[in-house]
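The residues making up each chain are set out below.
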Amino acid sequence: MNLVRLVRRLLPLLFLVALGWFLWRKVGPALSELNPLNTEPKVTVTHNTVLTQIEGLGKLELVRYKFKDIVEYRRASRYPLLPDAKVALVVGGEAVGCLDLRKIRPQDVVFDGDSIVRITLPAPELCSFQVRHDQSRVFSTENGFFQDADLVDQGYKYAEVQVRNAALQAGILAQTQRNAEQILVPMLRTLTGRRVIVGQPLVLPQVGPKQ
């Protein structure tokens with residue numbers, strides 16, 4: 001009997017404990033947000049992504065050249081008594097050679113008899129060149145006079161031009177042409193069952209002067 005009475009007395013208490021736990025699970029998160037001592041910052045993200053352009057791609061990347069260079073960019077002072085501003089950069093860059101397959105015309109594919117197909121591919125291109133900022137760093141700046149950021153930006157732009165010139169001087173277009181033949185000829189031979197003869201005009205872009 002004593003055990004039954006004890007259980008009867010504890011039932012209301014157990015009910016209140018369970019009710020309190022249930023209510024805390026429901027309203028606890030809301031109350032924590034209202035707590036002025038809650039120092040965890042509230043993060044709100046708003047975005048509106050807009051599709052601005054759809055571009056068809058037909059460029060086949062065939063070779064990538066990577067460069068390392070130490071560039072010193074000097075800017076003459078406007079005032080005779082002040083020294084020239086200069087920045088030294090350790091630069092990593094890359095250039096990519098490609099073919100734009102969208103430029104192939106119907107007359108560029110000629111079947112010669114039953115065993116040969118002649119294909120004239122578009123001229124190789126330097127489709128991209130850039131400074132890799134994740135592989136570059138500023139070594140030093142001098143006499144920037146609170147314009148160091150602009151000086152560094154100009155230095156990187158100069159370095160990017162040199163990446164282009166270095167890639168062209170290293171023969172990236174000729175290598176692109178060779179790689180195109182090595183990749184496309186076996187593929188076209190398998191597709192057509194014919195001997196494939198590839199022609200490709202090599203038009204060299206003008207290399208800018210080394211600055």
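Read on for an overview of the structure. Keep in mind the model is a prediction, meaning the values are calculated, not measured.

A count of helices and strands for the protein chain gives three helices and six strands. The helix and strand sequence of the protein chain, counted from the amino end, reads α-β-β-β-β-β-α-α-β. Taken across its 211 residues, the protein chain has 28% of its residues classed as buried. Intrachain contacts of the protein chain at a sequence separation of at least 6 include 79% that bridge at least 24 residues. For the protein chain, the accessible surface area stands at approximately 15,800 Å², while carbon and sulfur atoms represent 58% of it.

Considering all chains together, one arrives at 13 salt bridges under this definition. Arg105 is the salt-bridge partner of Asp108, the closest N and O atoms lying 3.0 Å from each other. We note a salt bridge from Lys157 to Asp153, for which the minimum N-O separation is 3.5 Å. One end of the pair, Lys157, and the other, Asp153, are both in helix H2 (residues 148-169), four residues apart, so they sit about a helical turn from each other. The class for Lys157 is partly exposed, based on a relative accessible area of 47%.

Strand direction decides the pairing type here: strand E3 (residues 109-112) and strand E4 (residues 116-120), joined by four bridges, are antiparallel. Counted as the bridge partner of Asp112 is Ile116 from E4. As consecutive antiparallel partners, E3 and E4 are separated by three residues, and within that stretch Gly113 has a phi angle of approximately 70°, a positive value. Where E4 lies against strand E6 (residues 195-199), five bridges are found, and the strand directions are parallel. Paired with Thr120 across the strands is Gly199, a residue of E6.

Here we take up the sheet that holds E6. In sheet architecture, strand pairing relies on hydrogen bonds along the backbone and comes in two forms, parallel and antiparallel. Strand order in the open sheet made by the three strands is E3-E4-E6, with mixed pairing throughout. Whereas interior strands pair on both sides, the edge strands pair on one side only; in this sheet they are E3 and E6. Neighbouring strand axes in the sheet, compared pairwise and without regard to direction, differ in orientation by 20° on average. In the packing of helix H3 (residues 172-192) onto the sheet, contacts are made with E4 and E6, and the angle to E6 comes to roughly 145°.

Here we come to the environment of Leu89. Inspection of the secondary structure assignment puts Leu89 in strand E2 (residues 85-100). Taking the C-alpha atoms as reference points, Leu89 and Tyr156, 67 residues apart in sequence, are found 7.9 Å from one another. Among residues more than four places away in sequence, those in contact with Leu89 are Asp69, Ile70, Val71, Arg137, Val138, Phe139, Val152, Gly155 and Tyr156.

About the cut-offs
- Residues numbered from 1 in each chain as written.
- Predicted model: local features only at pLDDT ≥ 70, side-chain atom pairs only at ≥ 80, totals over all residues.
- Heavy atoms only, no water.
- Helix = DSSP H or I, 4+ residues; strand = E, 2+ residues; numbered from the N terminus.
- Buried < 20%, exposed > 50% of the residue type's maximum accessible area, 1.4 Å probe, protein only.
- Contact = heavy atoms within 4.5 Å.
- Areas by Shrake-Rupley, 256 points an atom, 1.4 Å probe, with all protein chains shown as cover.
- Salt bridge = Lys/Arg side-chain N within 4 Å of Asp/Glu carboxyl O.
- Pairing = 2+ DSSP bridges.
- Axes fitted to C-alpha atoms, helices over the stretch in contact; angles between N-to-C directions.

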